[in-house]
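Structure assessment
In case you want the letters, here they are:
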Amino acid sequence: MAKHPDPVVLYPDIATRGSLGVALQAVAEEGGFSVPVAASTSDPLGYATVESTLPHRRALLVSAWAIKRRWSIRGEESSQGMALIEGDTEDLAEVARAAQAWHGGLALSDIRQAAPFVHLTGRFDVPDHDPVRLTASEWQHLRTEASERDWPEYHALIEAAYAEPALRSLYPFTSHWTLRFSTTTRPYLSLVGPCLLAHKADRYTVSRGFTGSGLIAQATTAQEAVAAAVREFPSGLGPVTSGAVRAEDRRELSS
């Protein structure tokens, strides 16, 4: 088993200051601004968090890599815990600028402008946790993710599914790169309809199980696969509802 370098060796300057949180605050002050950082108690050299002034955003997580000197960030929305921004860099000053922008509640595009290493996942802020807008946000994330991958068949599948109104109104998610649908948002998904999987060389599978079991159809175009899937969905599906509410109901029933 490969042994990771000692964090004190990788991050001697962080170790000298006692924690990543203190070091991040110091770097921010050197840049002429301040960031309220909370250091991790369990791994002070490895993790720190920065709260946002916006209630619909969780605290930004800053983490140090174990294999080489580098830091990652992840900023999530509060309803589902899905990433709005991600990124990694070797420059702690860049991390501090991203943290300041996240804490200050800047628009996601402005955070990216303040710290160019930040990657926008495609999801957007939904302050009221409206399930219909969360669904639109998740579709935008899938389309962004697919456009960035070197996998034209997968990109074509996501775009073909999005172009179909019956599917666009459902909450989309992927499992092992298999496209699936729900009538509720996360965290409690209510699965509906078949699964769609893109292969290489213009081949697509529509099945009842995400592993390909219960084969429904195979197709050579994304549009054909989507059309075959749509025929399997029950009629009368209403607007997407909140999976957070469903999860709360389940906790009450089990108590």
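In what follows, the accompanying structure is described. (Residues numbered from 1 in each chain as written. Predicted model: local features only at pLDDT ≥ 70, side-chain atom pairs only at ≥ 80, totals over all residues. Heavy atoms only, no water.)

Before going further, it helps to examine the side chain of serine 40. Within the element layout of this structure, serine 40 appears in the loop between strand E1 (37–39) and strand E2 (47–50). With relative accessibility at 18%, the residue serine 40 sits in the buried group. Engagement of the side chain of serine 40 in a polar contact is seen with the backbone nitrogen of aspartate 43, the distance being 3.0 Å. Excluding its chain neighbours within four sequence positions, the residues that come into contact with serine 40 are Tyr47 and Ala48. (Helix = DSSP H or I, 4+ residues; strand = E, 2+ residues; numbered from the N terminus. Buried < 20%, exposed > 50% of the residue type's maximum accessible area, 1.4 Å probe, protein only. Polar contact = N/O pair within 3.5 Å; in protein donor to acceptor, adjacent residues only side chain to side chain. Contact = heavy atoms within 4.5 Å.)

This part takes up the sheet that holds E1. Picture the strands of a sheet paired through backbone hydrogen bonds; they go either parallel or antiparallel. Read across the sheet, six strands follow the order E1-E2-E3-E4-E5-E6 without closing on themselves; strand pairing throughout is antiparallel. Both edges of this open sheet fall to E1 and strand E6 (119–120), since each of them pairs with a single strand only. Pairing of strand E5 (residues 83–89) with E6, which is carried by two bridges, proceeds in the antiparallel orientation. The partner of glutamate 86 across the bridge, within E6, is histidine 119. (Pairing = 2+ DSSP bridges.)

The relative placement of two packed helices comes down to the angle between their axes together with the axis-to-axis distance. Between helix H7 (residues 152–163) and helix H9 (residues 222–230), the shortest axis-to-axis distance is 8 Å and the interhelical angle comes to 45 degrees. The orientation of H7 relative to H9 falls into the category oblique. When you trace H7 past H9, the crossing you get is right-handed. Of H9, the residues touching H7 (which contributes Ala156, Leu157, Ala160 and Ala161) are Ala222, Gln223 and Val226. For the contact of H7 with H9, the residue count by class is six nonpolar, one polar and no charged. (Axes fitted to C-alpha atoms, helices over the stretch in contact; angles between N-to-C directions. Parallel < 35°, antiparallel > 145°, perpendicular 65-115°, else oblique. Left-handed = near helix turned anticlockwise from the far one by under 90°. Nonpolar A, V, L, I, M, F, W, Y, C, P; charged D, E, K, R; others polar.)

Quantified by volume, the largest pocket comes out at close to 150 Å³. Every residue lining the largest pocket is counted, 14 residues in all, and those nearest its centre are Met82, Arg123, Glu138, His141 and Glu145. Counting residues per element, the ones that place at least two in the lining of the largest pocket are E5, helix H6 (131–148) and strand E7 (171–175). Broken down by element, the lining of the largest pocket gets its largest block of residues, four residues, from H6. For the lining of the largest pocket, the class distribution of residues is five nonpolar, three polar and six charged. (1 Å grid on protein atoms, 1.4 Å probe; cavity = no way out; pocket = protein on both sides within 12 Å on 5 of 7 lines; lining within 4 Å. Points joined across faces, edges and corners; volume = space filled by probe spheres on them.)

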